[in-house]
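# Breakdown of the fold
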Amino acid sequence: MVPLNEEFGWSTSVMSLAVSINLLLYGLTAPFAAALMDRFGMRQVVATALTLVALGAGGSVLMTASWQLLVFWGLLIGLGTGAMALVFAATIANRWFVERRGLVMGILTAGSATGQLIFLPPVAAMAEGVGWRPASLVIACAALLAVPVVWLVMRDYPEDRGVAPFGADENYVAPPRVVGGAARRTFDGLRYAAKHRSFWALAIAFAICGATTNGLIGIHFIPSAHDHGMPATTAAGLLAVVGVFDIAGTIASGWLTDKFDPRKLLVAYYVFRGVGLLLLPWLLSDSVHPSMVLFIVIYGLDWVATVPPTATLCREIFGERGTIVFGWVFAAHQLGAAAAAFGAGLIRDMFGDYTFAWWGGAAMCIIAAALSVSVKRTRALLSTG
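Model, not experiment: these values are computed from the prediction.

## Observations regarding the state of the cysteines
Covalently bonding the sulfur atom of one cysteine to the sulfur atom of another cysteine gives a disulfide. Applying the stated criterion to the full structure yields zero disulfides. Just so you know, cysteine 365 is unpaired, no disulfide at all, and the nearest cysteine sulfur is the one on cysteine 209, 8.3 Å from it.

Structural data, given as structure tokens:
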């Protein structure tokens, strides 16, 4: 955001709108991607998604107007990354594992944090030192290089490799493959889930999760730290540290989800996050100090720790429809992220800093904790209507 503002003079609000479109599509694509993976296979969907990411990142180097940012970084990259979002991890966990699904979900979710850790510091350094265009080309090349790897290595079901899912008993029989239109199954899953209050509690809480991670910290931490005199590369380095602890926190959350009530875990995660956001305005400065490091560590451990318990609750409550329902819950996550990304940009333009954005996020976390308590773990009655 900083180099684009310096070169084109685009406002924070305009750039936040592009990011909001990206985050919105990242979420809304998820339930359709889950159904498409059932219908056509994970390999085809992921390879296509990586190609869209490459087109978006590579094409952005030709931008001359702000509306093009909305197309490349908003539309193309939003669709591409959305097809490889958390429903991808949920699909793998549900198909390939009977035991340790929470732990597997945590490990796979940590992959996004690993990518943040690997790419964010060098890309930020390139954007500041060489220019944002080479940084975008690095992202495009990385996405293209992953396509043949996915095509050669990935398989859709355990039986494609002649094995049973991990933890399956000796009498395991593979379920029938899904047939029928992906769009119809996606909307059927939403209609079915919308009848249950637990779905709405999970969806709203996860929307707040998205608002307080991707929408606020993920997008606005660097420009906010820059407002306080911290170099952008230093702030990007701190976000990378969030990625380090995100990996540990998410894997640990997956392990805990297999052993404890997922609702209690969600309450703890949201409360800790809310406290961190409440204190953030007093922690930001022009340098890194122990209190800021503590914030980064705690926020990193908590970043996507909500994913394994939320996915587990969707599977427990909605059974075979759980992955598609989780896709819709994740869509709510990104709706929250998109709203927060744009809203925080407006707050910055109106008040000159992000203080009210951080405090608003803290208040929402308390609401998410209360909603998590209200979720009922009983299996919803299956229906074909």
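The discussion continues.
## Section: the confidence of the model for the protein chain
For the protein chain, the average pLDDT comes to 84, and 96% of its residues sit at 70 or higher. For the protein chain, the element scoring lowest by mean pLDDT is helix H1 (residues 2-8), at 76; helix H15 (residues 355-373) scores highest, at 92.

## Quick word on unusual backbone geometry
The backbone phi angle of arginine 100 is positive, close to 60 degrees, even though this residue is not glycine. Mapped onto the fold, arginine 100 is located in the loop between helix H5 (86-96) and helix H6 (101-129).

## Concerning the nonpolar core
Within the largest apolar cluster, 90 residues are counted, with the highest numbers of intra-cluster contacts made by Phe206, Ile217, Phe221, Met292 and Phe326. Of all the elements, helix H9 (residues 197-227) adds the most residues to this core, at 15 residues. Once residues within four sequence positions are removed from consideration, phenylalanine 326 is found in contact with Leu86, Val87, Ala90, Met105, Phe206, Val307, Thr310, Ala311 and Cys314. Of all hydrophobic cores here, the second largest spans 12 residues; its members include Ala18, Leu76, Val123 and Ala127.

## A closer look at the packing of helix H2 (residues 12-40) against helix H3 (residues 42-59)
Viewed as axis vectors pointing N to C, H2 and H3 meet at an angle of 130 degrees, and their least axial separation amounts to 7 Å. Taken together, H2 and H3 sit at an angle that is classed as oblique. Contacts between H2 and H3 involve Leu36, Met37 and Phe40 from the former and Met42, Gln44, Val45 and Val46 from the latter. Here the contact of H2 with H3 is composed, by residue class, of six nonpolar, one polar and no charged.

## Section: the packing of H2 against helix H4 (residues 66-82)
Following both chains from N to C, one finds H2 and H4 inclined at 25 degrees, their axes separated by 7 Å at the closest point. Taken together, the axis directions place H2 and H4 in an arrangement best described as roughly parallel. For the element pair H2 and H4, the recorded crossing hand is right-handed. Of H4, the residues touching H2 (which contributes Val14, Met15, Leu17, Ala18, Ile21, Asn22, Leu25, Tyr26, Thr29, Ala30 and Ala33) are Ser66, Leu69, Leu70, Trp73, Gly74, Leu75, Ile77, Gly78, Leu79, Thr81 and Gly82. Class assignment for the residues of the contact of H2 with H4 results in 15 nonpolar, seven polar and no charged.

## Let's talk about the packing of aromatic side chains
Under the criterion given, the structure shown has 14 aromatic pairs. With centroids separated by 5.3 Å and ring planes inclined at 75 degrees, the aromatic side chains of phenylalanine 32 and phenylalanine 187 adopt a geometry described as edge-to-face. Of this pair, phenylalanine 32 sits in helix H2 while phenylalanine 187 sits in helix H8 (residues 182-193), placing them 155 residues apart in sequence. A residue is classified by how much of its surface remains accessible, and phenylalanine 32, at 26% relative accessible area, is partly exposed. Between phenylalanine 187 and tryptophan 328 the ring centres are 6.1 Å apart and the planes differ by 40 degrees, which places this aromatic pair in the tilted class. Of this pair, phenylalanine 187 sits in helix H8 while tryptophan 328 sits in helix H14 (residues 322-351), placing them 141 residues apart in sequence. Taking the relative accessible area as the measure of exposure, phenylalanine 187 reaches 38% and is therefore partly exposed. Three or more aromatic residues joined by ring pairs form one cluster here, namely Trp282, Phe351, Phe356 and Trp359.

Conventions used here
- Residues numbered from 1 in each chain as written.
- Predicted model: local features only at pLDDT ≥ 70, side-chain atom pairs only at ≥ 80, totals over all residues.
- Heavy atoms only, no water.
- Disulfide = S-S within 2.5 Å.
- pLDDT = per-residue confidence, 0-100.
- Helix = DSSP H or I, 4+ residues; strand = E, 2+ residues; numbered from the N terminus.
- Core = buried A, V, L, I, M, F, W, Y, C linked by side-chain atoms within 4.5 Å.
- Buried < 20%, exposed > 50% of the residue type's maximum accessible area, 1.4 Å probe, protein only.
- Contact = heavy atoms within 4.5 Å.
- Axes fitted to C-alpha atoms, helices over the stretch in contact; angles between N-to-C directions.
- Parallel < 35°, antiparallel > 145°, perpendicular 65-115°, else oblique.
- Nonpolar A, V, L, I, M, F, W, Y, C, P; charged D, E, K, R; others polar.
- Left-handed = near helix turned anticlockwise from the far one by under 90°.
- Phe/Tyr/Trp six-rings, centres within 6.5 Å; stacked < 30°, edge-to-face > 60°.

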